[in-house]
Amino acid sequence: MDASGRKPWVRAALLAGVGYFVVGYGSAALDPSVPDRARFVWRLAAWAVSAAVFAAHIGYEHFRLGDSPRALALHSAAAVALGAFLIAAAATVHAATAASHAPYWRFLLALVLWPIITALPAFLVALVAGAVLARLRRRV
């Protein structure tokens, strides 16, 4: 454990999860100010930044912490799930304060489904990336 009493992966997962939230919420909040012609590129940039956060998290887990591919995948998926939950929570708060919105139960359902829907593919991608990185490390 590190000096704060937490395992280092917890801090990395929290930081990455908050990073996903900032990118997702920030890009959505600024989206109306982006001209229609540039909106596709704007959204693509948000995806690219999220992918960079994901890759950096995987790299940190592998190179700095030396985690196994399974642990790396679990930690990365936990960060993605946290980011998805925070975005769903922000959408739920927005729906509660907006005059017109979809049925409220959908937002409550998103609090559960978004983390699952995003964490499962993130786990699989991180597991493959971790296995490839572990295999490359053994070869060198």
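Look up: the structure comes first, before these words.
As the structure is a prediction and not an experimental result, all values here were calculated from the model.

Chemist: Before we move on, can you summarise the overall build of the protein chain with the specific residues and values?
Modeler: Looking only at helices and strands, the protein chain features 4 helices and 0 strands. Dimensions of the protein chain along its principal axes, counting C-alpha atoms only, are 55 × 35 × 30 Å. Put simply, of all contacts in the protein chain between residues at least 6 apart along the chain, 68% involve residues at least 24 apart. Total accessible area computed for the protein chain in this model is approximately 9100 Å², and 72% of it derives from carbon and sulfur atoms.

Chemist: An account of the packing of helix 1 (residues 8–30) against helix 3 (residues 69–97) is requested, with residue identities and associated values reported.
Modeler: It is the contact of helix 1 with helix 3, at a shortest axis distance of 8 Å, that shows an interaxial angle of 40°. The angle between helix 1 and helix 3 falls in the class oblique. Here the hand of the crossing between helix 1 and helix 3 comes out right-handed. Of the residues in helix 3, those touching helix 1 at W9, A13, L14, A16, G17, V18, Y20, F21, G24 and Y25 are H75, A79, V80, L82, G83, L86, I87 and A90.

Chemist: Outline the nonpolar core, listing residues and values.
Modeler: By size, the foremost hydrophobic cluster in this structure holds 11 residues: A13, A16, Y20, F54, I58, L72, A73, A79, V80, A122 and A126. Secondary-structure elements contributing two or more residues to this core are helix 1, helix 2 (39–64), helix 3 and helix 4 (104–139). Looking at this core, the element that brings in the most residues is helix 3, giving 4 residues. Setting aside chain neighbours within four positions, we find V80 in contact with Y20, F54, T118, A119 and A122.

Chemist: Describe a nonpolar patch on the surface, with residues and values.
Modeler: Together, W105, L109, V112, L113, W114, I116, I117 and L120 make up an exposed nonpolar region whose accessible area comes to about 790 Å². Inspection of the secondary structure assignment puts L120 in helix 4. With relative accessibility at 55%, the residue L120 sits in the exposed group.

Conventions we followed
Residues numbered from 1 in each chain as written. Predicted model: local features only at pLDDT ≥ 70, side-chain atom pairs only at ≥ 80, totals over all residues. Heavy atoms only, no water. Helix = DSSP H or I, 4+ residues; strand = E, 2+ residues; numbered from the N terminus. Contact = heavy atoms within 4.5 Å. Areas by Shrake-Rupley, 256 points an atom, 1.4 Å probe, with all protein chains shown as cover. Axes fitted to C-alpha atoms, helices over the stretch in contact; angles between N-to-C directions. Parallel < 35°, antiparallel > 145°, perpendicular 65-115°, else oblique. Left-handed = near helix turned anticlockwise from the far one by under 90°. Core = buried A, V, L, I, M, F, W, Y, C linked by side-chain atoms within 4.5 Å. Buried < 20%, exposed > 50% of the residue type's maximum accessible area, 1.4 Å probe, protein only. Patch = residues over 30% accessible without salt bridge, like charges linked within 9 Å, V, L, I, M, F, W, Y side chains within 5 Å. Salt bridge = Lys/Arg side-chain N within 4 Å of Asp/Glu carboxyl O.

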